[in-house]
Amino acid sequence: MDLDAFTELLTPRGQRALAEAGELAGADPVAAATTLRKTYDATLTSAALTQAGLRERARAKFGQDAGVMYFTPHGLEQSTRAEVAEHRARRLLEAFPGAPKVVDACCGIGGDLLALARAGCAVTAVDTDPLTVAVARANAEALGLEATVTVADAADVRPEDYDVLFADPARRTSRGRTFDPLAYSPPWPVVLDLLSRAGLACLKVAPGIPYEFIPEGAEAEWVSYKGEVKEATIWTGREAARRATLLPGGHTMTATGVQAPVGPTGRYVYEPDGAAIRAHLVGEVAEIVGGRLLDPMIAYIAADDPVDTPWATRYEVEDVLPFSLKKLRTALRERQIGNVTIKKRGSALDIERLRADLRLKGDNSSVIILTRIIDRPSVLICRPLSPA
């Protein structure tokens, strides 16, 4: 879909085509295209069907809003989930209450600018791609939100003219997704220059960002949604901290400097949420559950008591063995375990290869954890997932 095709999609005729394409969602693609081609040309038919398909995919991120929004394939993939964007907008207003002037320096299709505008911010947004800008502008209009969206280079933004800078550098190159901040667009030096000139800034980055790229004195926040780490946010202009946040519950935790002890296995093993692990808050989670690390370098926590916490998943340990394929296969056979969930940290074993080698048979289920216990390769046989 190019800019001309998208522009036509916004006309009354294009809206009728899009509505009809939406009614054909789930139908055979060839049949759907054949039906629309009876009324519309090939370009409009393709644009309408593409957009209808993207709206269906977008419901997981944007809920009911997706039904009236517009997307590009890459824009949808890189956009912020609505709940995460809303959390970030709330935090921004806590730091700068009222109706701050916010510049969104890399707006994409507008996932964050929509949340910021909905929260009451006066948003100016830019992107280098004319189609992406048109999509973001259409999204604001479709949701009845005010925002100024223009084609411009993030490098030309003047953060000093705004109360808050928001930036979400593109993390995709011609070879696909990149995890190297130096390959972001705009380039990392440009991003750092923008941050240095902003009074308050919020920078969205990949959750795996190396710690050495986090500016000194900044707060780094890792956000998990339903147990999956979605992204990290770097905040400047506020107190330095390491923070983890769990959504949709809104639980948040900052580093206290506590160090977890190392000790023997117990009746339970806890796996901290990925946001806590990324934020180096395993010690804080261990303190919550009254536990200790099985190995000083691995984020599995042993404890003797069941503690309900959103910060970790709890498993009940049935057996602990030094790792041996033969011994593990025998132990699972004796328990008539035919279905296993395999988890690992500190182990180089290939999970699917191990699953095949175990030759499982039986009606029972188990969780097996491959890890190190005081630097010794070990396996824990646990009861299936226990909500914590």
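Scroll up a little and you will see the structure.
Caption draft 1: Quick look at the pattern of salt bridges. Inspection of every chain in the model, using the stated rule, returns 28 salt bridges. Residues aspartate 112 and arginine 88 are paired through a salt bridge, measuring 2.7 Å at the closest nitrogen-oxygen approach. Highlighted residues: aspartate 112 in helix 7 (residues 111-118) and arginine 88 in helix 6 (residues 82-95), separated in sequence by 24 residues. Judged by its relative accessible area of 6%, aspartate 112 is buried. Given a relative accessible area of 4%, arginine 88 falls into the buried group.

Caption draft 2: Fine view of unusual backbone geometry. Residues serine 185 and proline 186 are joined by a peptide bond in cis, for which omega reads 5°. Relative to the helices and strands, proline 186 resides in the loop between strand 6 (176-177) and helix 9 (188-196). Of note, the amide linkage connecting leucine 247 to proline 248 takes the cis form, showing an omega dihedral of 10°. Structurally, proline 248 is set in the loop between strand 10 (241-247) and strand 11 (251-254). One non-glycine residue, glutamine 336, lies in the positive phi region at around 55°. Considering the arrangement of structural elements, one finds glutamine 336 in the loop between helix 12 (325-334) and strand 16 (337-344). Positive phi, normally seen in glycine, also occurs at aspartate 375, with a value near 70°. For aspartate 375, the position within the fold is in the loop between strand 17 (364-373) and strand 18 (376-382).

Caption draft 3: Molecular detail of helix 13 (residues 351-358). One side-chain oxygen of the residue at the start of helix 13 lies 3.2 Å from the amide nitrogen of glutamate 352, identifying that residue as aspartate 350. With its phi angle positive at about 50°, arginine 359 sits one or two positions after the end of helix 13.

Caption draft 4: Quick peek at the environment of serine 196. Within the fold, serine 196 resides in helix 9. Its relative accessible area of 56% is what places serine 196 among the exposed residues. Between the alpha carbons of serine 196 and threonine 43 there is a distance of 45 Å; along the sequence they are 153 residues apart. There is a polar contact of 2.7 Å between the side chain of serine 196 and the backbone oxygen of aspartate 193.

Caption draft 5: Just the packing of aromatic side chains, in detail. Within the structure shown, the criterion is met by five aromatic pairs. Between phenylalanine 6 and tyrosine 70, the ring centres sit 5.5 Å apart and the planes meet at 85°, which makes this aromatic pair edge-to-face. Here the residue phenylalanine 6 occupies a position in helix 1 (residues 3-9), and tyrosine 70 occupies one in the loop between helix 4 (42-62) and helix 5 (73-78), the gap between them amounting to 64 residues. For the pair formed by phenylalanine 6 and tyrosine 70, the shared burial category is buried. Measuring from ring centre to ring centre gives 5.7 Å for phenylalanine 62 and phenylalanine 71, while their planes differ by 45°; the resulting arrangement is tilted. Note on phenylalanine 62: relative accessible area 8%, which makes it buried. Over the ring of tryptophan 235 we find arginine 238, and its NZ or CZ is 4.9 Å from the ring centre.

Caption draft 6: Region of the structure containing the sheet that holds strand 15 (residues 312-322). In space, the seven strands of this open sheet follow the order 13-14-12-15-18-17-16, with mixed pairing throughout. Either end of the sheet is taken by a strand with one partner, and the two such strands are strand 13 (292-293) and strand 16. Bridge count between strand 13 and strand 14 (residues 301-303): two bridges; the pairing is antiparallel. Bridge pairing in strand 14 places arginine 292 opposite alanine 302. Lying on the sheet, helix 11 (residues 282-289) is in contact with strand 12 (268-272), strand 13, strand 14 and strand 15; it crosses strand 14 at an angle near 10°. Along the sheet, helix 12 contacts strand 15, strand 16, strand 17 and strand 18; its crossing angle with strand 18, the most-contacted strand, is approximately 10°.

Caption draft 7: Highlighting helix 4. Between the first and last C-alpha of helix 4 there are 29 Å, a value that for 21 residues agrees with the 30 Å anticipated at 1.5 Å per step. The largest bend in helix 4 is about 30°, located at glutamate 56. For helix 4, every residue scored as buried is listed here: Leu44, Thr45, Ala47, Ala48, Gln51, Ala52, Leu54, Arg55, Ala58, Lys61 and Phe62. Looking at the buried side of helix 4, the elements it contacts are helix 1, helix 2 (12-23), helix 3 (29-37), helix 5, helix 6 and helix 7. The N-terminus of helix 4 is capped by aspartate 41, whose side-chain oxygen sits 3.0 Å from the backbone nitrogen of threonine 43. With its phi angle positive at about 60°, glycine 63 sits one or two positions after the end of helix 4.

Caption draft 8: Spatial organisation of the sheet that holds strand 9 (residues 228-236). If you walk across this open sheet you meet the nine strands as 3-2-1-4-7-9-8-10-11, and the pairing is mixed. This sheet does not close on itself; its edge strands, each paired only once, are strand 3 (147-151) and strand 11. Averaged over all pairs of adjacent strands, the angle between their axes in this sheet comes to 20°, without regard to strand direction. Where strand 7 (residues 200-205) and strand 9 come together, five bridges link them in antiparallel fashion. Residue pairing in the sheet places lysine 204 in a bridge with threonine 233 of strand 9. Set on the sheet, helix 8 (residues 130-142) makes contact with strand 2 (122-127) and strand 3; between it and strand 3 the angle comes to about 170°.

About the cut-offs
The residue numbers shown here count from 1 along each chain, following its written sequence. The predicted nature of this model means local features are confined to residues of pLDDT at least 70 and side-chain atom pairs, given and counted, to a pLDDT of 80 or more, with totals for whole chains, interfaces and linings taken over all residues. Excluding hydrogens and water, the side-chain values take into account all heavy atoms of the structure. Any Lys or Arg side-chain nitrogen located within 4 Å of an Asp or Glu carboxyl oxygen qualifies as a salt bridge. Secondary structure is summarised from DSSP: a helix means a run of H or I of at least four residues, a strand means a run of E of at least two, and numbering begins at the N terminus for each. Using a 1.4 Å probe on the protein chains alone, a residue whose accessible area is under 20% of its type maximum counts as buried, one over 50% counts as exposed, and one in between counts as partly exposed. Contacts described as polar in this section are N or O atom pairs within 3.5 Å, which, within protein, must combine one atom able to donate a hydrogen with one able to accept it, while residues neighboring in sequence count only if both atoms come from side chains. Only rings of Phe, Tyr and Trp enter the pairing, Trp through its six-membered ring, and a pair is recorded when the two centres are within 6.5 Å. The plane angle decides the type: under 30 degrees is stacked, over 60 is edge-to-face, the rest tilted. Two conditions define a charge sitting above a ring: the NZ of Lys or the CZ of Arg must be within 6 Å of the ring centre, and it must be within 35 degrees of the ring normal. By definition, two strands form a pair when at least two bridges between them are found by DSSP. Residue contacts are defined here by distance: any two heavy atoms, one from each residue, within 4.5 Å place the two residues in contact. To get an axis, fit a line to the C-alpha atoms, keeping to the stretch in contact for a helix; angles then go from 0 to 180 degrees between the N-to-C directions. The length a helix should cover is 1.5 Å for every residue beyond the first. A residue's bend is given by the angle between axes fitted to the 7 residues ending at it and the 7 residues starting at it.

Function cannot be read off these values alone, since they describe shape.
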